[in-house]
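Residue strings, one per chain:
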Amino acid sequence: MLLTTFFSWWYGVGWLSLGRKVAGRVNGVLKFFSVGQLATSLFAPFRQISAGNVQGPLGVQLRAWGDKQFSRVIGAIVRLLLIFCGIIGAFLYGVLGLIMLVIWPLLPVFPLIGLVLTVSGFKP
């Protein structure tokens, strides 16, 4: 009875729970790096303090416009790097999670394989 309960949990609720944890970790990495928010604000000025609406001669306005464009380029580069790191991290967690999901159903069998190999005198 106990063994059947264990196996029904292992191949049912346990496996499903592991899949949810893997998906949660991948989602957590994407949230940690704020990939969605960084993607929506990709070309927003980066840490711009003083180049809002500038009044004055044309040269001052052009300089403010150039400052904004330079800030947008720097912001896009920084955001793209963070998005790239977040996607790479989520991908690595996803691959590791898939490996765990594939190995999960085999884990109860490994002690039996070890026992058979030990009894048969297998030497690697």
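Residues numbered from 1 in each chain as written. Predicted model: local features only at pLDDT ≥ 70, side-chain atom pairs only at ≥ 80, totals over all residues. Heavy atoms only, no water.

## A word on the packing of helix α1 (residues 2–32) against helix α3 (residues 58–103)
When two helices pack together, you describe them by how their axes are tilted relative to each other and by the distance separating the axes.
Move 1: Relative to each other, α1 and α3 sit at 170 degrees, their axes nearing to 8 Å. Between α1 and α3, the interaxial angle falls into the category roughly antiparallel. For the pair formed by α1 and α3, the contact residues are Trp15, Leu18, Gly19, Val22, Arg25, Val26, Val29 and Leu30 on the first element and Gly86, Gly89, Ala90, Tyr93, Gly94, Gly97, Met100 and Leu101 on the second.
Move 2: When its residues are assigned to classes, the contact of α1 with α3 shows ten nonpolar, five polar and one charged. (Axes fitted to C-alpha atoms, helices over the stretch in contact; angles between N-to-C directions. Helix = DSSP H or I, 4+ residues; strand = E, 2+ residues; numbered from the N terminus. Parallel < 35°, antiparallel > 145°, perpendicular 65-115°, else oblique. Contact = heavy atoms within 4.5 Å. Nonpolar A, V, L, I, M, F, W, Y, C, P; charged D, E, K, R; others polar.)

## Some thoughts on the packing of aromatic side chains
Working definition: an aromatic ring pair is given by the centre-to-centre distance plus the angle between the planes.
Move 1: As enumerated under the stated definition, the model contains seven aromatic pairs in all.
Move 2: Between phenylalanine 7 and tyrosine 11, the aromatic rings sit 6.2 Å apart at their centres with planes inclined by 15 degrees, giving stacked as the arrangement. Placement of the pair is phenylalanine 7 and tyrosine 11 together in helix α1, with a separation of four residues, close to one helical turn.
Move 3: Judged by relative accessible area, phenylalanine 7 falls into the partly exposed class, the value being 31%. (Phe/Tyr/Trp six-rings, centres within 6.5 Å; stacked < 30°, edge-to-face > 60°. Buried < 20%, exposed > 50% of the residue type's maximum accessible area, 1.4 Å probe, protein only.)

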